[in-house]
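Analysis of the macromolecular model
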Amino acid sequence: MTRKELFKNTLRKSVHAWKLINELPLSDDESLMLRHFMDQPGFLDLHWRMFVPAIKGQGTEEQKQKWLPLANKMQIIGCYAQTELGHGSNVQGLETTATFDPQTDQFILHSPTQTSSKWWPGGLGKVSTHAVIYARLITDGKDHGVHGFIVQLRNMDDHSPLPGITIGDIGVKFGNGAYNSMDNGFLMFDKFCIPRDQMLMRLSKVTREGKYVPSDVPRQLMYGTMVSVRQTIVSNASIAMARAVCIATRYSAVRRQFGSQNGGIETQVIDYKTQQNRLFPLLASAYAFRFVGEWLKWLYTDVTQRLEASDFATLPEAHACTAGLKSMTTSATSDGIEECRKLCGGHGYLWCSGLPELFAVYVPACTYEGDNVVLQLQVARFLMKTVSQLGSGKAPAGTTAYMGRAKHLLQCRSSIRKAEDWLNPAMVLETFEARALRMAVSCANNLSKFENQEQGFSELLADLVEAAIAHCQLIVVSKFIVKLEGEIKGKGVKNQLKNLCYIYALHLIHKHLGDFLSTNSITSEQASLANHQLRSLYTQVRPNAVALVDAFDYTDHYLGSVLGRYDGNVYPKLFEEALKDPLNDTVVPDGYHEYIRPLIKQHLRSARL
Ligand SMILES: CCCCC/C=C/C(=O)SCCNC(=O)CCNC(=O)[C@H](O)C(C)(C)COP(=O)(O)OP(=O)(O)OC[C@H]1O[C@@H](n2cnc3c(N)ncnc32)[C@H](O)[C@@H]1OP(=O)(O)O
Ligand SMILES: Cc1cc2nc3c(=O)[nH]c(=O)nc-3n(C[C@H](O)[C@H](O)[C@H](O)COP(=O)(O)OP(=O)(O)OC[C@H]3O[C@@H](n4cnc5c(N)ncnc54)[C@H](O)[C@@H]3O)c2cc1C
């Protein structure tokens, strides 16, 4: 499809989905699943996952009563317009202004520079009638920082932009179809006025007289919508990883290369240890991210309930966990999808493998809802704060509780003696805890050598990110282990999950061996025992690998991959797909008479001479 066709088709699908949701009717969870199976980025994502939650989280009761019924019935369609051309990561650096005019009781929204144009918001370019806009609030000449506003963008009769608003789509993005079904947009305000009651005022207010009443709760609650979406992105990482792994595993069982004895059958590529060493850790990651996603959902629900009761104690941890796990799981999943493409050899590069499109549509997850490095630096700040408070009498809690055992973890030596010890959950956990703590403490020690802490932080950014990743990996490993300790239904399932849990942990040790050795968390002998155990786990997973991806229960239609077909009938179907290509509509291609024939004829003429 052309971009225009793709976009229009996405509108058609989205509206059809909305119709089904109302007609059947579907519950909220079922509606989410329906939109998920539409499997295409579109304006509904931003409306339901950011616009509505922003009003719910930041609006007053009256604002919610006014706007939510309209949004819930989709009588207005909204998006989340925060990022600008000049600033995305640095939210406090946004430039759009919302200046209060006490004479008219309105805010005047303005884009003072080109870099202040809103740039990227999904659904903004062509669809949204409304947006939650983030702009600097100015009253009486004073800048109070960034706040949220509900703004109507387009005329409800003919969809034209309202006077004072310039709006459009930012253009084609990475990949052929992929994210191009979404109208990521730009927007400029030219002194555009909105009533005062359209500032989202649950947290802070502007009175009729123009007095700014700051929030008595943490200002970071304004970032709540991002926290909620980051939480969901972790479970979505598991879904995307599982999809790629399903394709690569099934195809690896079909594909044969080398190893034929006496003219017999060749070896299935899944039997090569190199293939297993690349594939099975990704299979394990798909499960690991699912379990940590479930836990994160619980954490998010818990913090939301606490916030409602004005208990802000766990907010920093919820922020660090959502930011860090969003970052870690999306980076691993993007890399994992690309690895799955390579695991499928040349055929993985074909569009009909499903993997190029999956990669193209997935990879912006490393950037949206917070650049992955910027988010890990938030985790690092949280860790540095926690380390600095050790010994102050304030015991670290939640995911940093292990830091409370700093004395032991800084000194202990791993008691792994034989390969099977790497299947001992306590030993594995302690190894990850020691590595994470030692990396964090080392950063804190290096920071303390700087007179200026911010300057030190800048100098040590790369180490800080690595320490943050080590902490996040510990969380994932520990939540997998907790999952195994709970009830797991199905005969033999627990054993399979155990294998995957230890593959996940041991492959991380292998991949980040430098960290584990340099922090003395393990010795080189223990590292080679881990590798030995890993190979044995691969052998145990091998007979069940296809069943473990079948368990994701993805239909062929959803997978959209010739290589990942459930029936394994890959080769005839590759031919079928090839023959569908428009280039094969004719035997002689367009352009032959124009370019190829004259070239060949000229050559023949000169040959005859
Ligand atoms: C549905 C799927 C489709 C997705 C479509 C995509 C949508 C989008 O992309 S929407 C735009 C997303 N944009 C971002 O994610 C921007 C990323 N940047 C930020 O979130 C922030 O700018 C920041 C966190 C990187 C920095 O914020 P800033 O206010 O400058 O904070 P400080 O570093 O000065 O920290 C102050 C203090 O606040 C804590 N904190 C920061 N964020 C949060 C939060 N979300 N919740 C709770 N607490 C937060 C931070 O930890 C600091 O704490 P202390 O150290 O204790 O002071
Ligand atoms: C597909 C897609 C959909 C999006 N949808 C929306 C939407 O609906 N609404 C919306 O408001 N926004 C949206 N965005 C914007 C998105 O949130 C931002 O692109 C994102 O927050 C990153 O910000 P940036 O583009 O400014 O990156 P930059 O911050 O410019 O990043 C560039 C580089 O600088 C590095 N960097 C930046 N700051 C630091 C630092 N302090 N320390 C070290 N390194 C640093 C980064 O790691 C990165 O390598 C979307 C983006 C994409 C790609």
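In this text the structure is predicted, and so the values were computed from the model without any measurement.

Our next topic: the UniProt feature "binding site: FAD" (unreviewed entry) in the chain. According to UniProt, the feature "binding site: FAD" (unreviewed entry) maps to Thr-83 and Gly-122 in the numbering used here. What stands out for the annotated residues spanning 40 residues is how close their C-alpha atoms remain, the widest pair being 10.5 Å apart. As for its position among the elements, Thr-83 is in the loop between β1 (78-81) and β2 (97-101). Residue contacts for Thr-83: discarding those within four places in its chain leaves Gly-88, Ser-117, Lys-118, Trp-119, Trp-120 and Pro-121. Along the chain, the position of Gly-122 falls in the loop between β4 (118-119) and β5 (130-139). The exposure class assigned to Gly-122 is buried, which follows from its relative accessible area of 6%. Among all residues touching Gly-122, those that are not within four sequence positions of it are Leu-46, Cys-79, Met-182, Asp-183 and Asn-184.

This brings us to unusual backbone geometry. In the segment running from Leu-24 into Pro-25, the intervening peptide bond is cis, with an omega of -25°. Here Pro-25 shows up in the loop between α1 (3-23) and α2 (28-38). Of note, Ser-310 is a non-glycine position whose phi angle comes to about 60°, a positive value. Inspection of the secondary structure assignment puts Ser-310 in the loop between α6 (273-308) and α7 (315-343). With a phi close to 55°, Glu-369 is a non-glycine residue in the positive phi region. One can find Glu-369 in the loop between α8 (355-362) and α9 (372-388).

Right, let's get into the sheet that holds strand β7 (residues 165-169). Sheet architecture is open: three strands sit in the order β4-β8-β7, paired in antiparallel fashion. Two strands close off the open sheet at either side, each with one partner strand: β4 and β7. Sheet topology places β4 next to strand β8 (residues 185-189); two bridges connect them, and they run antiparallel. Across the sheet, Lys-118 pairs through a bridge with Leu-187, a residue of β8.

In the region of ligand 2, 20 residues are neighbours, and Tyr-80, Gln-82, Thr-83, Ser-89 and Asp-371 sit closest. Tyr-80 is positioned such that a nitrogen or oxygen atom in its backbone is 2.9 Å from a nitrogen atom of ligand 2. If ligand 2 stood free it would expose 980 Å²; the protein chains cover 65% of that surface. Ranked by the residues each element gives to the shell around ligand 2, the list is headed by α9, at three residues. Among the residues making up the shell around ligand 2, the classes are represented as 10 nonpolar, eight polar and two charged.

All right, on to the packing of aromatic side chains then. As enumerated under the stated definition, the model contains 17 aromatic pairs in all. Measuring from ring centre to ring centre gives 6.2 Å for Phe-174 and Phe-359, while their planes differ by 65°; the resulting arrangement is edge-to-face. Of this pair, Phe-174 sits in the loop between β7 and β8 while Phe-359 sits in helix α8, and the two are 185 residues apart along the sequence. Judged by relative accessible area, Phe-359 falls into the partly exposed class, the value being 21%. Taken together, the ring pairs connect Phe-37, Tyr-287, Phe-291, Phe-480, Phe-552, Tyr-554 and Tyr-558 into an aromatic cluster. One cation-aromatic arrangement involves Arg-243 over Tyr-558; the distance from NZ or CZ to the ring centre is 4.0 Å. Sitting above the plane of the Phe-457 ring, Arg-381 keeps its charged end 4.2 Å from the centroid.

Bringing the UniProt feature "active site" (unreviewed entry) in the chain into the picture now. The positions that UniProt labels "active site" (unreviewed entry) are, in the present scheme, Glu-369. Apart from residues lying up to four places away in sequence, Glu-369 is in contact with Met-50, Met-226, Val-229, Arg-230, Ile-233, Lys-326 and Leu-375.

Moving on to the site of ligand 1. Surrounding ligand 1, one finds 24 residues, the nearest of these being Ser-89, Gln-92, Gln-220, Tyr-223 and Lys-385. In this structure, an oxygen atom belonging to ligand 1 sits 2.9 Å away from a main-chain N or O atom of Glu-369. For ligand 1, whose unbound accessible area comes to 1100 Å², protein coverage reaches 80%. Of all the elements in the fold, those that place two or more residues in the shell around ligand 1 are α3 (43-58), α5 (224-254), α7 and α9. By residue number, the principal contributor to the shell around ligand 1 is α5, which donates four residues. Each residue belonging to the shell around ligand 1 can be placed in one class, and the counts come to 10 nonpolar, nine polar and five charged.

Turning next to the packing of α5 against α8. As a packed pair, α5 and α8 sit with axes 11 Å apart at the nearest point and diverge in direction by 165°. One element, α5, and the other, α8, form an angle in the roughly antiparallel class. When the axes of α5 and α8 are compared, the crossing they make is left-handed. Of the residues in α8, those in contact with Asn-236, Ala-237, Ala-240, Arg-243, Ala-244 and Ile-247 of α5 are Leu-355, Leu-358 and Tyr-362.

Along the chain, the position of Gln-276 falls in helix α6. A residue is classified by how much of its surface remains accessible, and Gln-276, at 3% relative accessible area, is buried. Residues in contact with Gln-276, not counting those within four places in the same chain, are Ile-270, Asp-271, Pro-281, Tyr-538, Thr-539 and Arg-542.

Bringing the pattern of salt bridges into the picture now. Counting across every chain of the model gives 21 salt bridges. Note that Asp-105 is salt-bridged to Arg-196, the shortest N-O span being 2.6 Å. Residue Asp-105 is found in the loop between β2 and β3 (106-110), and its partner Arg-196 is found in the loop between β9 (192-195) and β10 (205-206); the two are separated by 91 residues along the sequence. Arg-196 matches Asp-105 in its accessibility class, with the two residues each being buried. Of the charged contacts, one joins Asp-143 and Arg-136 as a salt bridge, the two residues approaching to 2.7 Å between their closest N and O atoms. Residue class for Arg-136 comes out buried when judged on its relative accessible area of 17%. Sharing partners across several salt bridges, the network here consists of Asp-105, Arg-196 and Arg-208.

Confidence along the chain averages 96 in pLDDT terms, with 99% of residues attaining 70 or more. Scored as a whole, the predicted complex attains pTM 0.97, and scored at its interfaces, ipTM 0.99.

Quick notes on the rules
Here the residue numbers are simple positions, counted from 1 along each chain's written sequence. The order in which chains are written sets their letters, starting at A; the order in which ligands are written sets their numbers, starting at 1. Where totals are concerned, whole chains, interfaces and linings use all residues; where local detail is concerned, this predicted model gives features only for residues with pLDDT of at least 70, and gives and counts side-chain atom pairs only at 80 or more. Calculation of side-chain values draws on the structure's entire complement of heavy atoms; hydrogens and water are dropped beforehand. UniProt positions are given in the numbering used here, feature names are shortened, and annotations may be inferred rather than shown by experiment. Each helix corresponds to a stretch of at least 4 residues labelled H or I by DSSP, and each strand to a stretch of at least 2 residues labelled E; elements are numbered beginning at the N terminus. Throughout, a contact is declared for two residues whenever any of their heavy atoms are within 4.5 Å. Think of it in three bands: with a 1.4 Å probe and only protein chains considered, a residue is buried below 20% of the maximum accessible area for its type, exposed above 50%, and partly exposed in between. The rule for pairing is simple: two strands pair if DSSP sees at least two bridges between them. Any residue with a heavy atom positioned within 4 Å of a molecule or strand is treated as near that molecule or strand. Pairs of N or O atoms are called polar contacts if they sit within 3.5 Å, as long as, within protein, a hydrogen donor faces a hydrogen acceptor (for residues adjacent in sequence, only side-chain-to-side-chain pairs). What sets the accessible areas is the Shrake-Rupley method with a 1.4 Å probe; for residues, cover comes only from the shown protein chains. Amino acids are sorted into nonpolar (Ala, Val, Leu, Ile, Met, Phe, Trp, Tyr, Cys and Pro), charged (Asp, Glu, Lys and Arg) and polar (every other residue, Gly among them). By convention, a stacked pair of Phe, Tyr or Trp rings (six-membered ring in the case of Trp) has centres within 6.5 Å and planes under 30 degrees apart, an edge-to-face pair has planes over 60 apart, and any other such pair is tilted. The rule for a charge over a ring is simple: NZ of Lys or CZ of Arg within 6 Å of the ring centre, and within 35 degrees of the ring normal. Axis angles are defined between N-to-C directions and span 0 to 180 degrees, where every axis is a line fitted to C-alpha atoms and, for a helix, only to the segment in contact. Roughly parallel means an angle under 35 degrees; roughly antiparallel, over 145; roughly perpendicular, 65 to 115; everything else is oblique. By convention the crossing between two helices is left-handed if the near helix lies anticlockwise of the far one by an angle smaller than a right angle, and right-handed if it lies clockwise. Any carboxyl oxygen of Asp or Glu that lies within 4 Å of a side-chain nitrogen of Lys or Arg is treated as forming a salt bridge with it. One confidence number per residue, pLDDT, is output by the predictor and ranges from 0 to 100.

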